[in-house]
Amino acid sequence: NLGFKYNISDLHASIGLAQIKKLDHIISLRQKLRIEYNNYFSDFYNDKILTKIETNKHNRSSNYIYCFLINPEKLKLSRNQLIQSLAKKGIASTVHYIPANKHNFYKKIFKKFKLKNSNFAFDNIISLPFYNELKKNDIFEISIIVQDIIKKNYVRKYV
């Protein structure tokens, strides 16, 4: 069998039902937070130092995480080094998406496939702090630290 089946408890189901009533407000709030991050990183997106993760214009995102891809050709540090540098500054960042071929259970199944796009995404994606109580000032402080780390590790001097 592939993995496990999990059933949600009644308590978790009741919390989920209560949250559904707030869903539009939560998504709207998170969209505003996403726009804040996007504004702070716009120069890096324009210069292809970072790649913004965007939802297809015909879809609606829940905006549950904020992540981007780093461009390894333009930076002297890896995604893991960026995560470590942020941690030293007190910022928790992570990787949310681990492709199936990286999980021990599936390695044999995917061994015959060349998955360069999913491997590239996994090696270069990072998720920044993103939650409902995040304030614009928090995003400003996080963004300034990320910008500083990137500028110090840009292949060519970033001006």
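Shown above is the structure to which this text applies.
Described in the following lines is the structure provided in the data block. Because the structure is predicted, anything quoted here is derived from the model rather than measured.

1. Details of the overall build of the chain
Part 1: In terms of regular secondary structure, the chain is built from six helices and three strands.
Part 2: In terms of overall dimensions, the chain has C-alpha extents of about 55 × 45 × 35 Å along its principal axes.
Part 3: Split into buried and exposed, the 159 residues of the chain put 32% on the buried side.
Part 4: Considering only contacts within the chain whose residues lie at least 6 apart along the sequence, 73% involve residues at least 24 apart.
Part 5: When the accessible surface of the chain is split by element, carbon and sulfur atoms take 54% of a total near 11400 Å².
Part 6: Positive and negative side-chain charges in the chain, numbering 28 and 12 respectively, have mean positions lying 8 Å apart.

2. A few points about helix α2 (residues 23-46)
Part 1: If you look at α2, its biggest bend is around 55°, right at Y40.
Part 2: The set of residues buried in α2 consists of I26, I27, R30, L33, R34, E36, Y37, N38, F41, F44 and Y45.
Part 3: Buried residues belonging to α2 abut α1 (10-20), β1 (50-52), β2 (66-70), β3 (125-128) and α6 (136-152).
Part 4: Of the residues one or two after α2, K48 is the one with positive phi, at around 60°.

3. Brief notes about the packing of helix α3 (residues 79-88) against α6
Part 1: Contact geometry for α3 and α6: axes closest at 11 Å, N-to-C directions at 130°. The angle between the axes of α3 and α6 places the two elements in the oblique class. Between α3 and α6 lies a crossing whose hand is right-handed. In contact with L82, S85 and L86 of α3, α6 contributes I145, V146 and I149.

4. Remarks on the environment of A18
Part 1: Take A18: it is sitting in helix α1.
Part 2: A relative accessible area of 38% means that A18 is categorised as partly exposed.
Part 3: It is 36 Å that separates the C-alpha atoms of A18 and Y106, two residues lying 88 residues apart in sequence.

5. Things to note about the nonpolar core
Part 1: Among the nonpolar cores identified, the biggest contains 32 residues, and Y37, F41, L50, F68 and L128 are the most heavily contacted of them.
Part 2: When contributions to this core are tallied by element, the ones reaching two or more residues are α2, β2, α3, β3 and α6.

6. Thoughts on the packing of α2 against α6
Part 1: One way to put it is that α2 packs onto α6 with a least axis distance of 10 Å and a crossing angle of 25°. As the angle between them shows, α2 and α6 are arranged roughly parallel. Regarding α2 and α6, the two cross each other, and that crossing is right-handed. From α2, L33, E36, Y37, Y40, F41 and F44 reach across to α6, where they touch K136, I139, F140, I142, S143, V146, Q147, I150 and K151.

Reading the values: rules and limits
- Residues numbered from 1 in each chain as written.
- Predicted model: local features only at pLDDT ≥ 70, side-chain atom pairs only at ≥ 80, totals over all residues.
- Heavy atoms only, no water.
- Helix = DSSP H or I, 4+ residues; strand = E, 2+ residues; numbered from the N terminus.
- Buried < 20%, exposed > 50% of the residue type's maximum accessible area, 1.4 Å probe, protein only.
- Contact = heavy atoms within 4.5 Å.
- Areas by Shrake-Rupley, 256 points an atom, 1.4 Å probe, with all protein chains shown as cover.
- Lys, Arg positive; Asp, Glu negative; His and termini not counted.
- Charge placed at Lys NZ, Arg CZ, Asp CG, Glu CD.
- Bend = angle between axes of the 7 residues up to and from the residue.
- Axes fitted to C-alpha atoms, helices over the stretch in contact; angles between N-to-C directions.
- Parallel < 35°, antiparallel > 145°, perpendicular 65-115°, else oblique.
- Left-handed = near helix turned anticlockwise from the far one by under 90°.
- Core = buried A, V, L, I, M, F, W, Y, C linked by side-chain atoms within 4.5 Å.

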